[in-house]
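Remarks on the overall topology
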Amino acid sequence: MLSAQFLRHSLLLFVCLNISFAYGQAKKLSTITTPPNFKVAFIGDQGLGLKSQQVLQLIKQEGAQAVIHLGDFDYYNQPQAWDEQINQILGKNFPYFAVIGNHDLDKWPEYQQLLKQRMARIGLSWQGELGEQSTTVYKGLTVVMIGIGTKGNADTHNQYLAQQLQQSNAIWRVAAWHKNQQAMQAGGKIDETGWQVYETARLQGAIIATGHEHSYSRSYLLNNMQQQTIENKENTLKLSKSKSFVFVSGLGGIDERIQRQSGQHWAKIYAKTCLALDPVCVPNSTSGALFATFNVDKQANKAKFYFKNINQQIIDEFTVISEIKP
């Protein structure tokens, strides 16, 4: 016959386990998705000037609730002027997350300090070294930023990216860095990051966000980044832990560049001039931003993306469904 003491201990253990399980489930649910209609703007390669300001005004006009800046801030090593440009248009407390670009290296400590001060004003925390190997979870969106190809060791960056994405409870994850592999941009850039980080992000179902090349390009849904193997050419991209897509949003305000290469994996390219007969390239590019609205149509795992330029033209539109189950 079971003793009363044994029964009491068993009951206590059962209660504790259930409380722990319930807490874990509640914690997971609290970070799994974004609020309804949560809009984020993705830009890179910004500068200080009229077009840079017009892009920020466009972001404000479109009602974006956060910016993810994909490196290369002002090109003049003027951290205060860059920060003030953002403050004047979006405000001192606007959520603005940025990863280091090659043109930010000389004054990186000053840029990073301004980014830290902004985070502090907003009351946000992060894990890691902000802007060069860091993770921020903002309103359910996990953003992992790495300085691959710009600052730090490639293997370390890849290990960090893998660890952070594996630990994420979010159904929406963004892997953000500045530089590219040659096949993952439409201009004249060379291989600068290696394929590991692209494949790591794909295997975790993370959206791959880059800058560096001064044009816009967006791939189809891919099941192999290195081989650029297309899963399908549908305009609704279904993310999973093996399939994702890549984009370059490098028209943040600096000079536009011409298309120098193409590939079957591109769904859309927007450049100063296009290669002859390229069916997906739109010429005469000007500055703009890629917007993503998460949790639309009362579907937590649905997002609508569009690239809009400062002339109010929409260049690209597509839908993303996240099938990620943390």
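Residues numbered from 1 in each chain as written. Predicted model: local features only at pLDDT ≥ 70, side-chain atom pairs only at ≥ 80, totals over all residues. Heavy atoms only, no water.

1. Section: the overall build of the protein
Which entries qualify depends on this criterion: Under the DSSP-based scheme used, a helix requires at least four consecutive residues in state H or I and a strand at least two consecutive residues in state E, with every element numbered from the N terminus. Each radius of gyration reported is based on C-alpha atoms, and the globular scaling rule is 2.2 Å times the count of residues to the power 0.38. Whether a residue is buried, partly exposed or exposed follows from its accessible area with a 1.4 Å probe, protein chains only, as a fraction of its type maximum: under 20%, in between, or over 50%, in that order. By the convention used here, residues are in contact when the closest approach between their heavy atoms is within 4.5 Å. Using a 1.4 Å probe, accessible areas were evaluated by the Shrake-Rupley method; residue-level cover was limited to the displayed protein chains. When charges are counted, neither His nor the chain ends are considered; positive counts come from Lys and Arg and negative counts from Asp and Glu. By convention, charge coordinates are those of NZ in Lys, CZ in Arg, CG in Asp, or CD in Glu.
Helix and strand counts for the protein stand at six helices and 18 strands. For the protein, the C-alpha radius of gyration of 21 Å lies close to 20 Å, the compact-globule estimate for 326 residues. Each of the three principal axes of the protein carries a C-alpha extent, and together these read 85 × 45 × 40 Å. Buried positions account for 55% of the 326 residues belonging to the protein. Within the protein, contacts between residues separated by at least 24 positions form 69% of all contacts whose residues are at least 6 apart in sequence. A total accessible area of about 14,000 Å² is found for the protein, and carbon and sulfur atoms account for 51% of it. Of the side-chain charges in the protein, 31 are positive and 25 negative, and the distance between the mean point of each set is 9 Å.

2. Comments concerning the state of the cysteines
What counts is decided by this rule: Cysteine sulfur atoms are paired as a disulfide whenever they fall within 2.5 Å.
This model, assessed by the stated rule, comprises one disulfide. The side chain of Cys 274 participates in a disulfide bridge whose partner is Cys 281; the two sulfur atoms lie 2.1 Å from each other. In this structure the cystine formed by Cys 274 and Cys 281 twists about its S-S bond by roughly -75°; its chirality is therefore left-handed. Take Cys 281: its relative accessible area is 11%, and that puts it in the buried class.

3. A short note on the sheet that holds strand β7 (residues 173-176)
Defined as follows: What makes two strands pair is DSSP finding at least two bridges between them. What counts as an axis is a line fitted to C-alpha atoms, over the stretch in contact for a helix, and the angles between N-to-C directions run from 0 to 180 degrees.
In space, the nine strands of this open sheet follow the order β4-β5-β6-β7-β8-β13-β9-β14-β15, with mixed pairing throughout. Of all the strands in the sheet, just β4 (127-129) and β15 (281-282) have a single pairing partner and so form its edges. As paired elements, β4 and strand β5 (residues 133-138) share three bridges and run antiparallel to each other. Bridge assignment links Gln 127 to a residue of β5, and that residue is Thr 135. The sheet contacts of helix α5 (residues 154-167) involve β4, β5, β6 (141-146) and β7, and relative to β6 the element is tilted by about 170°.

4. Looking at the pairing of β6
The element β6 is extensively covered by neighbouring structure, given that six of its six residues are classed as buried. In β6, alternate side chains face the same way, and those of Leu 141, Val 143 and Met 145 on one face and Thr 142, Val 144 and Ile 146 on the other are all buried. Relative to β6, β5 is paired through six bridges, and the arrangement is antiparallel. Looking at β6, one finds that Gln 133 is bridged to Ile 146.

5. Details of the pairing of strand β17 (residues 299-309)
Both strand β16 (residues 288-296) and β17 contribute to a ladder of eight bridges, which runs antiparallel. Across the sheet, the residue bridging to Ala 289 is Lys 308, located in β17. Here β16 hands over to β17 after two residues, with Asp 297 in that stretch at a positive phi of 55°. Pairing analysis gives seven bridges linking β17 to strand β18 (residues 314-322), with the strands arranged antiparallel. Looking at the pairing, Phe 307 lines up with Asp 316 of β18. Counted along the chain from β17 to the antiparallel partner β18, the turn is four residues long, and its residue Gln 312 has a positive phi close to 70°.

6. Some points on the confidence of the model for the protein
The cut-off we apply is this: The pLDDT value expresses, per residue, how confident the predictor is, ranging between 0 and 100.
Mean pLDDT for the protein: 92, with 90% of residues reaching 70 or above. Confidence over residues 9-31 falls short of pLDDT 50; this stretch has five contacts with residues more than four positions distant or in other chains.

7. A short note on helix α3 (residues 79-90)
The criterion, for reference: Every helix has an expected span of 1.5 Å times one less than the residues it contains.
Here α3 contains 12 residues, and its C-alpha end-to-end distance of 16 Å stays within 8% of the 16 Å for a straight helix at 1.5 Å per residue. Those residues of α3 that sit buried are Pro 79, Trp 82, Asp 83, Gln 85, Ile 86, Asn 87, Ile 89 and Leu 90. If you follow the buried residues of α3, they end up packed against α2 (50-61), β2 (66-69), β3 (96-98) and α4 (108-122). A positive backbone phi angle near 105° is found at Gly 91, which sits one or two residues after α3.

8. With respect to the nonpolar core
In plain terms, the rule: Within this scheme, the nonpolar core is defined by two criteria: the residues are buried Ala, Val, Leu, Ile, Met, Phe, Trp, Tyr or Cys, and they are joined through side-chain atoms within 4.5 Å.
In this structure, Phe 42, Ile 59, Ile 68, Phe 294 and Phe 305 are the most contacted members of the largest nonpolar core, which totals 62 residues. In contact with Ile 59, not counting residues within four places along its chain, are Ala 41, Ile 43, Ala 64, Val 67, Leu 90, Ala 289 and Phe 291. Val 144, Ile 146, Tyr 160 and Val 197 belong to the second-largest nonpolar core, a separate cluster that totals 18 residues.

9. Topic: the environment of Asn 232
Mapped onto the fold, Asn 232 is located in strand β11 (residues 229-232). Note: C-alpha distance between Asn 232 and Leu 221 (11 residues apart in sequence) is 6.2 Å. Aside from chain neighbours lying at most four places away, what touches Asn 232 is Tyr 220 and Leu 221.

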